[in-house]
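A closer look at the structure
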Amino acid sequence: MKGTTSLLAGIMLLSAIPAAGQSQKGNTRMANAATIDAQADRIVDAMTLAEQISLTRTRAGASLKDLGVPLPAFIPEAMRIDKPEGSIGTAGFVPAIPRVGFPAQHQADASLGIADIGYLRPGQQSTSLPSTLSLAATFSPEAALEAGDIIGAEAFAKGINIMLAGGVNLAREPRNGRNFEYLGEDPLLAGRLVGQQIAGIQAHHVASTIKHYAVNPQESGRFVYDARMSEAALRESDLLAFEIGVRDGRPASAMCAYNKVNGLYACENPWLMNEVLKTDWGFKGWVMSDWGAVHSLHASVNAGLDQQSPQDKDFFAGLEAAVGDGSIERQRVRDMARRIVRAMIEVGAVEKVAKPGGEIPVEAHSARAQALAEAGIVLLKNDGILPLAATARKIVVIGRHADKGVPIGGGSSQVIPWGGVYRDAPEGTHPLSALMAPSYSLASPLKALAAALPNAEIQFDDGSNPARAAALAASADVAIVYAVKTEMEGIDHADLSLPWGQDDMIAAVAGANPRTVVVLQTGNPVAMPWLGKVGGVLQAWFSGQRGGDAIASILTGRVAPSGRLPISFPASTEQLPHPKIVGFDPAKQKALSIGVRYDPFPIDYVEGSDVGYRWFHLKGEKPLFPFGFGLTYTSFDYSGLKQTGGQTLKVTATIRNTGKREGLEVAQLYVAPPGRSIRLAGWARVQLKPGESRTVTIEADTWVLLSYDESAGKWARPAGDYRFFIGKSAGEPELSGSVFLNAAAQDRRR
Ligand code: BGC
């Protein structure tokens, strides 16, 4: 990926990407649809009923027993059965049916690279990509395609033909432990990016899985809570992200979530699976359950679940008997198997069977991971301290493990990076707990900075003693604090503070030397009680394989920051629709939530489709940093607003680089339908040299302008005046106006 997209390339990209469904590749696939169908029929009809059923019953592809240590009682049986023959060590495995030429299914996590929390394929490493929240911060479909391309190539080379990649749950809850695996709070941004990421993976004959369908915005009580909101709100928010992802990426599979949606478990919810996904959106792939998300045989199969993933109770073992007694139709089982077979044929996984031992260009992938990390870093504050002056001689680097590496997220998506992982676990920790400990990619920010600034004298302090760190910082030209907040599947945070006393430490360091830059390495928004005291803040997220180098590139100005926040940073949790996480219970915060028991509880999503910035706008609340926000080392000005209405909304503006350095502006178009909050309707990434200006036209996405009319059962856009603005973020309108749009309507099967 190029850090700098020229305008022409940017425009070509922006016009090409959203229409991926009708792209060259899409057309070829359409043309091939009849052939694919015929081949799928042939293979499925050559199978016995038992063989068809076997495709729908995934087992664990690895065993925790192989860790060779006593396992605590709460570890589910499914995770301790013997590793099945033929499995290469993945989260899910289904044996091949060589008789009909259908390959085994090797299902591996996830969206930040080829995951292995540490026991699946001992010793195996992969490119650790920056978090997908960081990917969303690029606002670049091209970057998402790039990330998918790396994942797909590595999966294929490792013999993995199904990636459980494509997490797109909207970030309704900034304390959710899995936001780092998702793409932020906006359905258009998240949907477009997930579509490209999936397309990138599937281009390598590897199926990809959009997940977790649907809602699932917090980990607390994830197995039991009932996510409640109106149909219209769902379709305009969380489901819209999935819908765009399905349209653009054509994922082979979708994973239904653990939680309930409006009273029914997602994996036995006919409205979600049969009606919306398969009928309204025409999804031709298969629905697999999340691991342990199935509660029944009949209710789930009849609601549209096609494959049960590993869990202790094997409900789908009852399929043969159910067909025998007529309680499940024979045709339905054929449909389940056919969906799997057809989708695997469509991505090319039947023709080109992935085998372990393929070559991976480690160096090239690491360099690309670094470029992606650079593109996702967001500059939040700069009092002129960045980029670091070439004259800065004495630099103090402060931070927990900043000498070792950068944090990586925990849970099923965790990748063991090339070069290994550092686990922050005390000596003697049970090996299983060690796997769940805060983990770091060995991409030392300290070493990277020293390499980037060979003439500087750099001192290091781990920040564990604020007074000591402050004393060291006092005499430095610049102090750089690498702050960390780790995240882990299964665990939400109670609040937005930095752990391990880092907020106090930063305040002490900045008190001693205001020329302090804070590099936030977090999976989520955090509060910044010390913001007024520091000279600069970078949001670096979990930056992956070469995170240390990526951060150094931005600090030194080798690369100008270009990331924009894909999630609002609240000023306080009181501003959120749920000031406290519903059902949050510190006693039940367990890694991956293994063994956690909750009583069912409802969560009413009072914000409806007004997630994140839309909620702030509606309530007149000012966040700490708005969605879309991000500075760079130059400044831009907007002028010459023009707009056209009628059928579609097109907004034209001239953007000029008014500073002294080249930089990338992400011009964002927000539109408010009559009586509704603002919605991100499009954006343009514009690379400009100093003094250069360019005129861009952004066309509002037609789907985003529509609202769902529940009583009519269709999408509608009422005629009226639509207020809009183009600006630097959801909170920074540069040019605004209003335009009359004609009424428009669209069937829900659009
Ligand atoms: C996670 C999924 C993941 C699966 C397999 C579940 O706990 O929710 O995202 O794909 O495990 O590892």
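Above this note sits the structure.
One structure accompanies this document, and this report is about it. Note that the structure is a prediction, hence the values are computed from the model and not measured. (Residues numbered from 1 in each chain as written. Predicted model: local features only at pLDDT ≥ 70, side-chain atom pairs only at ≥ 80, totals over all residues. Heavy atoms only, no water.)

1. Quick notes on the site of the ligand
Formally: Being near a molecule or strand, for a residue, means having at least one of its heavy atoms within 4 Å of it. Pairs of N or O atoms are called polar contacts if they sit within 3.5 Å, as long as, within protein, a hydrogen donor faces a hydrogen acceptor (for residues adjacent in sequence, only side-chain-to-side-chain pairs). Classification convention: Asp, Glu, Lys, Arg as charged; Ala, Val, Leu, Ile, Met, Phe, Trp, Tyr, Cys, Pro as nonpolar; all other residues, Gly among them, as polar.
Lining the immediate surroundings of the ligand are 13 residues, of which Asp109, Arg178, His212, Asp290 and Glu489 lie closest. Side-chain polar atom of lysine 211 to an oxygen atom of the ligand: 2.9 Å apart, as the coordinates give it. Residue tyrosine 258 places a side-chain N or O atom 3.0 Å away from an oxygen atom belonging to the ligand. Classifying every residue of the shell around the ligand by side-chain character gives 5 nonpolar, 2 polar and 6 charged.

2. A word on the packing of helix H16 (residues 466-474) against helix H17 (residues 502-512)
The angle between the axes and the distance between the axes are what describe a pair of packed helices. The criterion, for reference: Geometry is summarised by axes, namely lines fitted to C-alpha atoms with helices restricted to the contacting stretch, and by angles between N-to-C directions that run from 0 to 180 degrees. Numbering goes from the N terminus for both helices and strands, where a helix is a DSSP run of H or I of at least four residues and a strand is a run of E of at least two. Here the angle decides the label: under 35 degrees means roughly parallel, over 145 means roughly antiparallel, 65 to 115 means roughly perpendicular, and every other value means oblique. Left-handed describes a crossing whose near helix is turned anticlockwise from the far helix through less than a right angle; right-handed describes the clockwise counterpart. Any two residues whose heavy atoms approach within 4.5 Å at even a single point are treated as in contact.
Interaxial distance between H16 and H17 falls to 8 Å at its minimum, and their mutual angle equals 25 degrees. Classified by the angle their axes make, H16 and H17 are roughly parallel. Both H16 and H17 take part in a crossing whose hand is right-handed. From H16, Pro466, Ala469, Ala470, Ala473 and Ala474 reach across to H17, where they touch Met505, Ala508, Val509 and Ala512. Classifying every residue of the contact of H16 with H17 gives 9 nonpolar, no polar and no charged.

3. Some words on the pairing of strand S24 (residues 693-699)
Convention followed: Only protein chains enter the area calculation, which uses a 1.4 Å probe; residues under 20% of their type maximum are buried, those over 50% are exposed, and those in between are partly exposed. At least two DSSP bridges between two strands are needed for those strands to be called paired.
Only one face of S24 is covered, namely the face carrying Arg694, Val696 and Ile698; the face carrying Ser693, Thr695, Thr697 and Glu699 is uncovered. Pairing between strand S21 (residues 650-657) and S24: 7 bridges, direction antiparallel. Following the sheet pairing, arginine 656 is matched in S24 by serine 693.

4. Concerning the sheet that holds strand S8 (residues 264-265)
Reading across from one edge, S8-S7-S5-S19 is the order of the 4 strands in this open sheet, with mixed pairing throughout. Looking at the sheet topology across the chains shown, the edges are occupied by S8 and strand S19 (602-604). Across 2 bridges, strand S5 (residues 226-228) lies against strand S7 (residues 260-261) in parallel orientation. Following the sheet pairing, alanine 227 is matched in S7 by valine 261.

5. A short note on the pattern of salt bridges
To keep it simple, the criterion reads: Put simply, a salt bridge is a Lys or Arg side-chain nitrogen that is within 4 Å of an Asp or Glu carboxyl oxygen.
What the rule picks out here adds up to 45 salt bridges. Between arginine 368 and glutamate 146 there is a salt bridge, with the nearest N and O atoms lying 2.8 Å from each other. One end of the pair, arginine 368, is in helix H13 (residues 362-376); the other, glutamate 146, is in helix H5 (residues 141-157), and 222 residues separate them in sequence. With relative accessibility at 21%, the residue arginine 368 sits in the partly exposed group. Since its relative accessible area comes to 12%, glutamate 146 is described here as buried. A salt bridge links glutamate 489 to arginine 222; the nearest nitrogen and oxygen atoms lie 3.0 Å apart. Taken together, the positions of glutamate 489 in the loop between strand S16 (478-485) and H17 and arginine 222 in the loop between strand S4 (207-213) and S5 put the pair 267 residues apart, joining distant regions of the chain. Judged by relative accessible area, glutamate 489 falls into the buried class, the value being 4%.

6. Let's talk about the pairing of strand S9 (residues 286-289)
A regular strand places its side chains on the two faces of the sheet in alternate fashion. Of the two faces of S9, the one holding Trp286 and Met288 and the one holding Val287 and Ser289 are both buried throughout. Looking at chain direction, strand S6 (residues 253-256) and S9 are connected through 4 bridges and run parallel. Across the sheet, alanine 254 pairs through a bridge with valine 287, a residue of S9.

7. What about unusual backbone geometry?
For the peptide bond that leads from lysine 211 to histidine 212, omega is -10 degrees, which places it in the cis range. Position of histidine 212 relative to the elements: it lies in strand S4. One non-glycine residue, arginine 250, lies in the positive phi region at around 45 degrees. Relative to the helices and strands, arginine 250 resides in the loop between helix H8 (238-249) and S6. Phi angles above zero are rare outside glycine, and leucine 592 is one such case at about 60 degrees. With respect to the helices, strands and loops of the structure, leucine 592 is situated in the loop between helix H18 (547-556) and S19. Owing to a relative accessible area of 14%, leucine 592 belongs among the buried residues under this scheme.

8. As for the sheet that holds strand S13 (residues 421-423)
Strand order in the open sheet formed by 3 strands is S12-S14-S13, with antiparallel pairing between adjacent strands. In the strand order of this sheet, the two ends are held by strand S12 (406-408) and S13, each with one partner. The sheet shows a mean angle of 40 degrees between the axes of neighbouring strands, direction not considered.

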